[in-house]
Amino acid sequence: MLKSYAALLALGVIWGSNFIFMKWSTLLITPAQTVLLRVLCGFIPLFLIALYTKALRRDQFKHLLHFAVMSVLATTFYYYGFVAGTALLPTSVAGLLSGSIPIFTFICAFLFLRKDRPTKQMLIGVILGFLGIIVSARPWENVAGVNLMGVIWMIAGTTSLGVSFVYAQRLLSPHKIPPLALATWQTGFASLTLLTLTDFTGISEIMSNTQTVLGVVIGLGLLGTGGAFFLYYYAIEKLGSVKASGATYIAPVVAVIIGAIVGEEIHPLLFIALALILTGVILIQTGAKKPTSLSTKEQPTN
């Protein structure tokens, strides 16, 4: 169990640091090009390691449809939403909005996994989380406020990843496919999709800045995609979708800290929004009804 929570911590730190790399990249190339480079730089090492360890097997072919769906939900669309949103927002605000992933994961889990009815505590958590999103967006400030389109893109990406947690738990986790294989198939399908759809015009501009190149290749690719997806599937397998998505409440804290370090203006309301979202997530995570008793047949086997 300790390893599972260590994986969550590492995943949260990696996700939180990704926003500054996305911001740097979109100053030179388009969001779609950024996503393409990120996914390719994550897929190649995953593929080589999967081949070396023989994690990819023929019997996995029957799950190709699920891999393709996950490539859209948890890679292509999720990444594009976050990159497009980060291009229009301060990294601290973008990272903060990413913290709402567990809220959308909970809603999807309740709708599609036939969970027990949510407790009052969990409903309060959802309400607080949405209040945090509203406060972070500051719609009352009009032109001087946060870019609304950026917020919409972030929420779109957040929702997509939330759905992916539930999809993975319901349709992939029962098959006990190794996390390395899942991550490789997913990023492989996403790479094919992005290579087909992306406009390459001006993509070479990224080579004009070494810091940005390293940020995309190492920060977004090797760690933020390859490493993150391995940890992502491992956490889902060990902890379940809702608990695994809890890694995302670490990301906004990391993103706000990095934003302050690089000199972004941290609006006072950002801290209120951060507190609301994190409190909401904690209430959701701890608010589930505890079963009164379990028979021997019902005991967890892990």
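Residues numbered from 1 in each chain as written. Predicted model: local features only at pLDDT ≥ 70, side-chain atom pairs only at ≥ 80, totals over all residues. Heavy atoms only, no water.

What counts, and what does not: UniProt positions are given in the numbering used here, feature names are shortened, and annotations may be inferred rather than shown by experiment.
Going by an unreviewed UniProt entry, the protein chain carries the name Drug/metabolite transporter (DMT)-like permease and comes from Marinomonas rhizomae. Heading Sequence similarities (unreviewed entry) of the UniProt record for the protein chain holds this comment: "Belongs to the EamA transporter family." Entered under Subcellular location (unreviewed entry) in the UniProt record, the comment concerning the protein chain runs "Membrane".

What to know about the packing of aromatic side chains
The line we're drawing: Here a pair means two rings of Phe, Tyr or Trp (six-membered ring of Trp) with centres within 6.5 Å. Their orientation is stacked below 30 degrees between planes, edge-to-face above 60, and tilted elsewhere. Strands are runs of DSSP state E lasting at least two residues, helices are runs of H or I lasting at least four, and both sets are numbered from the N terminus onward. The classification of residues rests on relative accessible area computed with a 1.4 Å probe and restricted to protein chains. Under 20% of the type maximum is buried, over 50% is exposed, and intermediate values are partly exposed. Two conditions define a charge sitting above a ring: the NZ of Lys or the CZ of Arg must be within 6 Å of the ring centre, and it must be within 35 degrees of the ring normal.
On inspection of all chains with the given rule, the structure shows eleven aromatic pairs. Consider the rings of Phe104 and Phe130, whose centres lie 5.5 Å apart with planes at 80°: the pair is edge-to-face. Highlighted residues: Phe104 in helix H5 (residues 101-112) and Phe130 in helix H6 (residues 120-137), separated in sequence by 26 residues. The class for Phe104 is buried, based on a relative accessible area of 12%. Connected via pairs of aromatic rings, a cluster forms that spans Phe19, Tyr78, Tyr79 and Phe82. Positioned above the aromatic ring of Tyr79, the side-chain terminus of Arg38 is 3.7 Å from the ring centre.

Things to note about the packing of H6 against helix H12 (residues 268-286)
What describes two packed helices is the angle between their axes and the distance between those same axes. Formally: For helices, the fitted line uses only the C-alpha atoms of the stretch in contact; every axis is such a line through C-alpha atoms, and the angle between N-to-C directions lies from 0 to 180 degrees. If an angle is under 35 degrees, it is roughly parallel; if it is over 145, roughly antiparallel; if it lies from 65 to 115, roughly perpendicular; otherwise it is oblique. If you view the pair so one helix is near and one far, a crossing is left-handed when the near helix is turned anticlockwise from the far one by less than a right angle, and right-handed when it is turned clockwise. Any two residues whose heavy atoms approach within 4.5 Å at even a single point are treated as in contact. Three classes are used: nonpolar for Ala, Val, Leu, Ile, Met, Phe, Trp, Tyr, Cys and Pro, charged for Asp, Glu, Lys and Arg, and polar for all others, with Gly counted as polar.
It is at 7 Å that the axes of H6 and H12 come closest, and there the two elements cross at 160°. On the basis of their axis angle, the class for H6 and H12 is roughly antiparallel. Handedness of the crossing formed by H6 with H12: left-handed. Touching Gln121, Met122, Ile124, Gly125, Val126, Leu128, Gly129, Leu131, Gly132, Ile133, Val135 and Ser136 of H6 are Leu269, Ile272, Ala273, Leu276, Ile277, Thr279, Gly280, Leu283, Ile284 and Thr286, all from H12. Its residues assigned to classes, the contact of H6 with H12 shows 14 nonpolar, eight polar and no charged.

Some words on unusual backbone geometry
Of note in the backbone geometry, Lys54 takes a positive phi value of approximately 60° without being a glycine. Along the polypeptide, Lys54 turns up in the loop between helix H2 (31-53) and helix H3 (64-88). For Lys54, a relative accessible area of 68% puts it in the exposed group. The phi angle at Lys176 is positive, at roughly 55°, despite the residue not being glycine. Here Lys176 is to be found in the loop between helix H7 (148-171) and helix H8 (179-197).

Some points on H6
To keep things clear, this is the line we draw: Take the residue count of a helix, subtract one, and multiply by 1.5 Å to get its expected span.
Look at H6: 26 Å from first C-alpha to last across 18 residues, which is about the 26 Å you get at 1.5 Å a residue. For H6, every residue scored as buried is listed here: Met122, Gly125, Val126, Gly129, Gly132, Ile133, Val135, Ser136 and Ala137.

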